[in-house]
Amino acid sequence: MKALREIVLAHDFDEHPDLATLARELGAIAHRDRGRLATELEPLRRTNRFERWQLGPRLASGASLLVMAWPANHATPIHDHAGLWGLELALLGALEVESWARDPHTGSLRQLGRDWLGPGDATWFDTGDPGLHRCRNLSRQETALTLHVYGGDLSEYFAYEQEAQGERWQMLPQRAAIAGRLPG
């Protein structure tokens, strides 16, 4: 985990950081150190609930670094990232990531695409990009772990839900809890 944090610290996080390069560098470490990461993060893989863990103190740039534990088959609601830029990298396990767009006039949502992330694969979104997506752990048995780098503190965001098919999407304010801090 220390090597991943050092790579993040080495990047300059301005308004539009080079997330493609950061993803490539983090992915290389995730591939190279996969066994060590599995051993180091084994306690998080035993969880049976979705948890967010802060990796070390918040960065001087204001960016935050988190590890998330995704229990088997866990899926988030469609959600945004409060206008922050962000990068999400699979460390162990695999995630499905559905991208969504929201019509600013009607509030309706439509699915744009779907990606699958395995260890070392990443997805990212820029500042001001709504970054609407839904994530799901593809395993029915194993907890997946992901690394997240955000351009600030993602403590509040919106989830989007419909009561029934064809009804208007509702924006529901959410607060993100931190389960604890990992040594960084």
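Each chain carries its own residue numbering, running from 1 in the written order of its sequence. pLDDT decides what is reported in this predicted model: residues at 70 or higher carry local features, side-chain atom pairs at 80 or more are listed and counted, and totals for whole chains, interfaces and linings draw on all residues regardless. With hydrogens and water set aside, each side-chain value is computed from the structure's full complement of heavy atoms.

S.K.: Lay out the side chain of Glu-98 with the relevant residues and their values.
M.R.: A helix here means a DSSP run of H or I that spans at least four residues, while a strand means a run of E at least two residues long, and both kinds are numbered starting from the N terminus. Note that Glu-98 resides in strand β5 (residues 95-102). Under this definition, polar contacts are N or O atom pairs within 3.5 Å; protein pairs additionally need one hydrogen-donor-capable and one acceptor-capable atom, and for neighbouring residues in sequence, both atoms have to be side-chain atoms. Of the polar contacts made by the side chain of Glu-98, one reaches the side chain of Trp-100; its length is 3.3 Å. A distance of 2.8 Å separates the side chain of Glu-98 from the side chain of Arg-134, its partner in a polar contact. Once residues within four sequence positions are removed from consideration, Glu-98 is found in contact with Gln-111, Gly-113, Arg-114, Leu-132, His-133 and Arg-134. Contacts are assigned to residue pairs that have any heavy atoms within 4.5 Å of one another.

S.K.: Any chance you could break down the nonpolar core for me, citing the residues and the numbers?
M.R.: Membership of the largest hydrophobic core comes to 30 residues, with the highest contact counts inside it found for Leu-26, Leu-91 and Leu-147. Only α1 (2-10), α2 (19-32), β1 (51-55), β2 (64-70), β4 (86-92) and β9 (144-150) provide two or more residues apiece to this core. Of all the elements, α2 adds the most residues to this core, at six residues. Among residues more than four places away in sequence, those in contact with Leu-91 are Leu-4, Ala-30, Leu-37, Leu-41, Pro-119, Leu-145, Thr-146 and Leu-147. Buried residues of nine kinds, namely Ala, Val, Leu, Ile, Met, Phe, Trp, Tyr and Cys, make up a nonpolar core once their side-chain atoms join them within 4.5 Å. Only protein chains enter the accessibility calculation, which uses a 1.4 Å probe. A residue is then buried if its area is under 20% of the maximum for its type, exposed if over 50%, and partly exposed in between. Among the nonpolar cores identified, the runner-up in size contains 13 residues, and Met-68, Leu-95, Leu-117 and Leu-154 belong to it.

S.K.: Explain the pattern of salt bridges to me, using residue names and the numbers behind them.
M.R.: When the charged atoms of two side chains lie near each other, side chains of opposite charge can form a pair. Note on definitions: salt bridges are taken to be side-chain nitrogens of Lys or Arg within 4 Å of carboxyl oxygens of Asp or Glu. Taken as a whole and judged by the stated rule, the model has 10 salt bridges. Across the pair Glu-142 and Arg-45 runs a salt bridge whose closest N-O atoms are separated by 3.8 Å. Of this pair, Glu-142 sits in the loop between β8 (133-137) and β9 while Arg-45 sits in helix α4 (residues 42-45), and the two are 97 residues apart along the sequence. Residue Glu-142 is classed as partly exposed on the basis of its relative accessible area, which comes to 45%. A residue is classified by how much of its surface remains accessible, and Arg-45, at 22% relative accessible area, is partly exposed. With a shortest N-O distance of 3.2 Å, Glu-98 and Arg-114 are connected by a salt bridge.

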